[in-house]
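If you want the building blocks of each chain, they are given just below.
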Amino acid sequence: MASFMTLTSVASSFFDALLESNIDGPTFVSFVRYGSIPIIAAIIGYGTNVVALLMMFYPLDFIGFFPDAKIGCGLDLPLFGWQGVIPMKAQEMAEITVDLMTQKLIKVDEIFGRLKPWRVGKEVAGVMPEVVADVMSKAGRTKIPKTWEHMPAGVRDQLTQSVILEAPALMSRFIADLQKNIDSCLDLKHCVVKLLVENKQILNEIFLTCGETEFEFIRNSGFYLGYMFGVLQMLIWLVVKSWWILPLCGVFVGYFTNVVALKVIFLPVEPKTMLGGHLTVQGLFLTRQVEVSKLYAKSVSNDLLTARNLMQALIEGPRNEAMMQLVDKHVSNCMEDQTKFYKPAFLLTMGAEVWIDFRTRVCEEFRLKLPALFATIEDYAQQAMNLEETLRCRLINLSATEFERLLHAVFEQDEIKLILVGAILGAIVGFLQAVVQTPEQLGITLPW
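Residues numbered from 1 in each chain as written. Predicted model: local features only at pLDDT ≥ 70, side-chain atom pairs only at ≥ 80, totals over all residues. Heavy atoms only, no water.

Novice: Which residues make up the pattern of salt bridges, and what values go with them?
Specialist: The tally for this structure, following the rule as stated, stands at 19 salt bridges. In this structure, Glu214 engages Arg288 in a salt bridge whose closest nitrogen and oxygen atoms are separated by 2.5 Å. Residue Glu214 is located in helix H13 (residues 212-239), and its partner Arg288 is located in the loop between helix H15 (284-287) and helix H16 (289-304); the two are separated by 74 residues in the primary sequence. Classification of Glu214 by relative accessible area gives buried; the value is 4%. Between Arg367 and Asp328 there is a salt bridge, with the nearest N and O atoms lying 2.6 Å from each other. On the criterion of sequence distance, the pair formed by Arg367 in helix H20 (residues 352-376) and Asp328 in helix H18 (residues 320-338) is long-range, its members being 39 residues apart. For Arg367, a relative accessible area of 22% corresponds to the partly exposed category. Among the charged side chains, a salt-bridge network with shared partners connects Glu110, Arg114 and Arg394. (Salt bridge = Lys/Arg side-chain N within 4 Å of Asp/Glu carboxyl O. Helix = DSSP H or I, 4+ residues; strand = E, 2+ residues; numbered from the N terminus. Buried < 20%, exposed > 50% of the residue type's maximum accessible area, 1.4 Å probe, protein only.)

Okay, structure coming up:
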């Protein structure tokens, strides 16, 4: 490549001497003036691609003034500042991601169905004595303070102990019931969108990790494509020495280096044979389906759809009340079953209404303990759900068309922004080049 660049530069100076009828032949000035054009075009191609890619992902939050002021024309780009295109569109991209994922790869009921209720009961057995004792004590002191205080310690302990013994089975029954009603209790789309909007770097990391090879190709191809376009630009400049040629060619280089790179990455979707079957071509990204599947599955399972995040979504999500009602049902049933020996005395001394209030308070206190209980089963749940392996296998088994849609569709509509950013940066560098090459046409006097 270096030899070709040197040859092009030398040839351009000879052509200039020929066109200008310079009997002294090529000069060093013409060598620099014309030979530098394709080199600068290569730098423009590389530099604009590097900067455009950075601007796709950073900054995570808007920097500038008047964030609601947009360029318009359907671009939805800030007018007085900047925010990375991916973070800016985090909510829309998250919604597309989860829709495609749930349609093609995973079902919530399938993933949660892998939990074994008896194992969950076993996992929480160690913390249940403390949890139940605290729940019963707080409910008693709140709803029936006098009765609880004057109740013989042995009776109080026996009542608590009977509930403790049944608590692991309570959790097992609750998990089994939750699995049957998981779609009513967990809004996966809300969970993913909330996580990605609040933690935009996660979305960035998924793209950067899975597309590392392709992004490197975009950067490097910008140099080579830029140089080839620069040779064309140089030939035009040898004939037409108007200042506007350089920024116009800068736009062309910045625009088309990105267009070509993106097309090569994703097209053709299906393998195409050429040269009588001696050559097979396919989009670079699609040839890496096995590798990308592994990277995508690892990123999603370790950073996004973790057991911790899913359980937090159960507790805090918009459908959490449905799950809490399941908790109340199983806690109330446990209370009724384990306190049946003491219930007549309770009803006689306190009345049915107070007993119901006490039982309700026990349910409320148990709700507050769910985060700690879920944290106890977190490691088991992460292993049992086996989300990474599930995603990896199913991504690999997708057809090329399905695989391309799953990942490309997320940011396809915003590719034009990457392309236009490259074009704008190319125009700026091209104008600076014109200032150096033809300052007299712009009415500028340079100090050298």
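From this point on, the discussion continues.
Novice: Describe the packing of helix H11 (residues 188-198) against helix H12 (residues 200-210), naming the residues involved and giving the relevant values.
Specialist: Interaxial distance between H11 and H12 falls to 4 Å at its minimum, and their mutual angle equals 95 degrees. Looking at the two axes, H11 sits roughly perpendicular to H12. For the pair H11 and H12, the contacting residues are Leu196, Val197 and Glu198 in the first and Lys200, Ile202 and Leu203 in the second. (Axes fitted to C-alpha atoms, helices over the stretch in contact; angles between N-to-C directions. Parallel < 35°, antiparallel > 145°, perpendicular 65-115°, else oblique. Contact = heavy atoms within 4.5 Å.)

Novice: Any details on the nonpolar core? Residues and values, ideally.
Specialist: Counting 104 residues, the largest nonpolar core has Leu305, Met323 and Phe366 as the members making the most contacts within it. In terms of residues, this core owes the most to one element, helix H9 (residues 153-180), which gives 9 residues. Not counting the four nearest positions on each side in its chain, Phe366 is found in contact with Met128, Val131, Val135, Leu170, Met171, Val327, Val331 and Leu373. Counting 10 residues, the second largest nonpolar core, distinct from the first, contains Ile37, Ala42, Trp237 and Ile245. (Core = buried A, V, L, I, M, F, W, Y, C linked by side-chain atoms within 4.5 Å.)

Novice: Quick one: what's the story with the packing of aromatic side chains, residue by residue and with numbers?
Specialist: Taken as a whole, this structure holds 8 aromatic pairs when the rule is applied. Centre to centre, the rings of Trp243 and Phe431 are 6.2 Å apart; their planes meet at 85 degrees, and the pair counts as edge-to-face. With a gap of 188 residues between them, Trp243 in the loop between H13 and helix H14 (245-266) and Phe431 in helix H24 (residues 415-437) connect regions that are remote in the sequence. Between Phe252 and Phe256 the ring centres are 4.6 Å apart and the planes differ by 45 degrees, which places this aromatic pair in the tilted class. Of this pair, Phe252 and Phe256 both sit in helix H14, 4 residues apart, which is roughly one turn of that helix. Judged by its relative accessible area of 31%, Phe256 is partly exposed. Put simply, the rings of Phe57, Phe207 and Phe215 touch in pairs and so form one group of aromatic residues. (Phe/Tyr/Trp six-rings, centres within 6.5 Å; stacked < 30°, edge-to-face > 60°.)

Novice: I'd like to hear about helix H21 (residues 378-385), residue by residue, with values.
Specialist: Buried residues of H21: Glu378, Tyr380, Ala381, Ala384 and Met385, and no others. Seen from one end, H21 has its buried residues packed into an arc of 160 degrees, which puts them on one side. Facing away from the buried side of H21, by more than 90 degrees, are the exposed residues Asp379 and Gln383. Backbone geometry just after H21 places Asn386 at a positive phi near 50 degrees. (Arc of directions from axis to C-beta.)

Novice: How would you sum up the environment of Phe112? Please name residues and give values.
Specialist: Among the structural elements, Phe112 can be located in helix H5 (residues 108-112). The spatial distance from the C-alpha of Phe112 to the C-alpha of Leu310 is 9.8 Å, given a sequence separation of 198 residues. Ignoring sequence-local partners within four residues, the contact set of Phe112 consists of Gln179, Ile182, Leu186, Leu310, Leu314 and Met385.

Novice: Explain the packing of H14 against H24 residue by residue, including any values.
Specialist: Put simply, H14 and H24 touch, their axes get as near as 6 Å, and they point 150 degrees apart. Taken as axis vectors, H14 and H24 run roughly antiparallel relative to one another. Judged by the twist between their axes, the crossing of H14 over H24 is right-handed. When grouped by side-chain class, the residues that make up the contact of H14 with H24 number 14 nonpolar, 8 polar and 1 charged. (Left-handed = near helix turned anticlockwise from the far one by under 90°. Nonpolar A, V, L, I, M, F, W, Y, C, P; charged D, E, K, R; others polar.)

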